[in-house]
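Structural description and commentary
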Amino acid sequence: MIFALFAGLGLIFVGTHFLTVNMKELAGPRLRRLVRAVTRHPVQAAMVGVGSGALVQSTNAVTFIVVGLVSAGAITVQAGMPIVTWAYAGTTLRLLLISLDSSALTYALLSLVGAAYLFETHKSPRHGFLVNAAMGLGLLMLGVQLTVMGARPLGDSAAVREAMAFASQFYFWGFIVGTVLATVMQGMTVSVIAIALVSGGLLGLDQTMLIVVGANLGSGLMSWIQASTLKGTERQLSVYQVILKVIGCLVLLPLLSLEHFAGVPTIVALTGAITTDVALQVTLVHWLFQLVAALVASPLNGPIYRLVARLSPPSAEEVLERPAHLYNPRPTGAAEAIRQVELEQDRLMQRLPLFLHGVRPGEAGPKPPSLAVLQRSGRALHATIRDFTLDAAAQAGPGAESDRLLRLADANQVLAELQANVAHFVAAAATCAEGGATDGVTRSLVEGLHALLEIVAAELGDAESDPEFLVKLVADRSVALLAVRERVSGGAAPSSPEERLALWRSIDLFEQIVLLLRQYVWSRSTTPA
């Protein structure tokens, strides 16, 4: 029977993987749209949290969907907190299914999955994820039954009973084991295994409840560890999960300890009054943990958010790459979306003069972010604007507003190329400045470009600006730049090949930047109304 125990554990792992991966793929895009739509209303957000947890069966998956929307600026961290809070309550559905005596349901489910594989429905783009998720659930339920079957003979073993009696001398061992295991595997998987073992008589009810409480804390720690590569706001939801789990432990652990050491009826007595089935009792403890944590955290949403923001403040780069106007407020039509895109693009345009700070020695004012930070944050914001614009154009349908949004998407691409060229210009100008032979030419190019970028940014941000003035401002400068090239040719050329190449490169880039500015201004000013 020991082999049945290990086979059951193996099926639990495989079934959990198939269930969570396929449900995440099945529900992911729809869930993103739903989350984006309901975060204005905390009650609706809580309901979506419960539903998404029940559907996806992975709180980490739900959390990372919310993190993705926070990164895109579609929702705020505080708006996404209720979804994460209540998603845990939804995941209890899996424990409820495996806690029931459902052998017939397991066999029926696996039979249907087998038929789907026979007819190759699992390869269908439309139904494939659902079939594989059903297979995962069936394997999970079968794994629990095998684990229970394999654990029963071990539970009757004298050696196992002696070991359990020795372990029970330290009441909190179950909590520690559950916490440690859940940091290396899914906390829900630890709870599933614990339910199977208590049903087979291999674990006592008290210790199983402690394992489930510990597994909940461990799942929060696991989420925090998985988010170690994230910074600032993106990590705040993972920090929030740890706080949420600590709240649950601070409530349930003292109650369980009070019942164990003082005999005061609390959790065990409550679950025992509801059902005598130990598997269902443990499931109720898991659900009670989520409910208590959610009920305590929900009215404290504001203070907890301030604590989370203090523990994981947004970085300077994160502030720069987050949109300030998109989704603020959520656009109700194409006209509002157009205005938000224009404002966001103006914000990017206003940053371009900052790129030149490193090649303008002695510039007054506060030091701007580094060129690398400006580039990375700019690329991220360009991508967000592109996705927002194309999505708004698709929702607008054919017509003038859709054409205008597509024109703005084209302008966004030009703006991205403009940013890249300005960064290349800075690198070339820095090389020229190091040599000093043509310092006057380099400085003139830098100052001329800085002035041009500032004026264009100011004019585009002014609703009453003169379009004709903008067109003249970014007119072709080929003749003027030809004179610059002639000036630095021959005897005036730098002696170093690297400096000479950098100088010619900076002149070429200046000309390309003017051309891109002309294209950008045209895209913005000639967009059909």
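Note that this is a predicted model, so its numbers are computed, not measured.

Let's talk about the overall build of the chain
Counting its regular elements, the chain contains 22 helices and 0 strands. Looking at the chain as a whole, 50% of its 529 residues qualify as buried. For the chain, long-range pairs separated by at least 24 residues make up 79% of all intrachain contacts whose partners lie at least 6 apart in sequence. Surface exposure of the chain reaches about 24,000 Å², of which carbon and sulfur atoms provide 64%.

Comments concerning empty space enclosed by the protein
Tallied over the entire structure, the rule returns 1 cavity of 30 Å³ or more. By volume, the largest cavity amounts to about 30 Å³. The wall of the largest cavity is formed by T85, Y88, L244, K245, F289, Q290, A293 and A294. Mapped onto the lining of the largest cavity, the elements with two or more residues apiece are α4 (77-99), α11 (233-262) and α13 (278-297). In terms of residue count, the dominant contributor to the lining of the largest cavity is α13 (4 residues). Residue classes in the lining of the largest cavity are distributed as 5 nonpolar, 2 polar and 1 charged.

Here we look at the pattern of salt bridges
Applying the stated criterion across every chain yields a total of 9 salt bridges. In this structure, E317 and R376 form a salt bridge, with 3.0 Å as the shortest nitrogen-oxygen distance. Linking E317 in helix α15 (residues 316-321) with R376 in helix α17 (residues 371-396), this pair joins segments that are 59 residues apart in sequence. Given the relative accessible area of 39%, R376 is considered partly exposed.

Thoughts on the nonpolar core
In terms of nonpolar packing, the biggest core is built from 58 residues, with M349, L356, L418, F425, L453, V456 and L517 touching the most fellow members. Mapped onto this core, the elements with two or more residues apiece are α16 (334-351), α17, α18 (400-435), α19 (439-460), α20 (467-473) and α22 (497-525). With 13 residues, α18 is the single largest residue contributor to this core. Excluding anything up to four places from it in sequence, M349 contacts L415, L418, L453, V456, A457, L460, L517 and Y520. Ranked by size, the runner-up nonpolar core spans 45 residues in total, among them L95, L205, V212 and L252.

Quick look at the confidence of the model for the chain
The predicted structure's coordinates, where accompanied by low pLDDT, should not be read in detail. Taken over all residues, the pLDDT of the chain has a mean of 83, while the share at 70 or more is 87%. Across the chain, the element-wise mean pLDDT spans from 64 in helix α7 (residues 158-167) up to 95 in α16.

Topic: the packing of aromatic side chains
Aromatic rings considered in pairs are described by the distance between their centres and by the relative angle of their planes. One pass over the full model with this rule turns up 6 aromatic pairs. When the ring of F172 is compared with that of F261, the centres are 6.4 Å apart and the planes differ by 40°; the resulting orientation is tilted. Taken together, the residues F172 in the loop between α7 and α8 (173-182) and F261 in helix α11 connect sequence positions 89 residues apart. Accessibility expressed as a relative area gives 28% for F172, which makes it partly exposed. Here the aromatic rings of Y327 and F388 are separated by 5.0 Å at their centres, their planes lie at 85°, and the arrangement is edge-to-face. Residue Y327 is located in the loop between α15 and α16, and its partner F388 is located in helix α17; the two are separated by 61 residues in the primary sequence. A single burial state applies to Y327 and to F388, both of which are buried. An aromatic cluster of three or more residues is present, and its members are F170, Y171, F172 and F261.

Here's the deal with unusual backbone geometry
Excluding glycine, residues mostly carry a negative phi; peptide bonds, for their part, are mostly trans. A cis amide bond links N328 to the next residue, P329, at an omega of 0°. By secondary structure assignment, the location of P329 is in the loop between α15 and α16. At E120, a residue that is not glycine, the phi angle is positive and equals roughly 60°. When you line up the elements, E120 lands in the loop between α5 (103-118) and α6 (128-155).

Comments concerning α5
In this model α5 runs 22 Å from its N-terminal to its C-terminal C-alpha over 16 residues, within 8% of the 22 Å that 1.5 Å per residue would give. Three or more residues of α5 are buried, namely T106, L109, V113 and A116. The arc enclosing the buried residues of α5, seen along the axis, measures out at 90°, which places them on a common side. Turned more than 90 degrees away from the buried face of α5 sit A104 and L118, all of them exposed. Positive backbone phi, approximately 60°, marks E120, located one or two places after α5.

Remarks on the side chain of T179
Looking at the secondary structure, you find T179 in helix α8. By relative accessible area, which is 11% here, T179 ends up buried. If we skip the residues at most four places from it in the chain, T179 touches G214, A215, L217, G218 and L221.

Re the packing of helix α12 (residues 267-274) against α13
Orientation of α12 relative to α13, taken along the N-to-C sense of each, is 125°, at an axis distance of 9 Å. The orientation of α12 with respect to α13, classified from their angle, is oblique. Our pair here, α12 against α13, has a crossing hand that is right-handed. On α13, the residues touching I267, V268, L270, T271, G272 and I274 of α12 are Q281, L284, V285 and L288.

Quick notes on the packing of α11 against α13
Where α11 contacts α13, the axes come no closer than 8 Å and their chain directions differ by 110°. By the angle between their axes, α11 is roughly perpendicular relative to α13. Crossing geometry of α11 relative to α13 is assigned as right-handed. Residues Y240, L244, K245, I247, G248, C249, V251 and L252 of α11 form the contact with α13, whose own contacting residues are V285, F289, Q290, V292, A293, V296 and A297.

The rules behind the values
Residues numbered from 1 in each chain as written. Predicted model: local features only at pLDDT ≥ 70, side-chain atom pairs only at ≥ 80, totals over all residues. Heavy atoms only, no water. Helix = DSSP H or I, 4+ residues; strand = E, 2+ residues; numbered from the N terminus. Buried < 20%, exposed > 50% of the residue type's maximum accessible area, 1.4 Å probe, protein only. Contact = heavy atoms within 4.5 Å. Areas by Shrake-Rupley, 256 points an atom, 1.4 Å probe, with all protein chains shown as cover. 1 Å grid on protein atoms, 1.4 Å probe; cavity = no way out; pocket = protein on both sides within 12 Å on 5 of 7 lines; lining within 4 Å. Points joined across faces, edges and corners; volume = space filled by probe spheres on them. Nonpolar A, V, L, I, M, F, W, Y, C, P; charged D, E, K, R; others polar. Salt bridge = Lys/Arg side-chain N within 4 Å of Asp/Glu carboxyl O. Core = buried A, V, L, I, M, F, W, Y, C linked by side-chain atoms within 4.5 Å. pLDDT = per-residue confidence, 0-100. Phe/Tyr/Trp six-rings, centres within 6.5 Å; stacked < 30°, edge-to-face > 60°. Expected span 1.5 Å × (residues − 1). Arc of directions from axis to C-beta. Axes fitted to C-alpha atoms, helices over the stretch in contact; angles between N-to-C directions. Parallel < 35°, antiparallel > 145°, perpendicular 65-115°, else oblique. Left-handed = near helix turned anticlockwise from the far one by under 90°.

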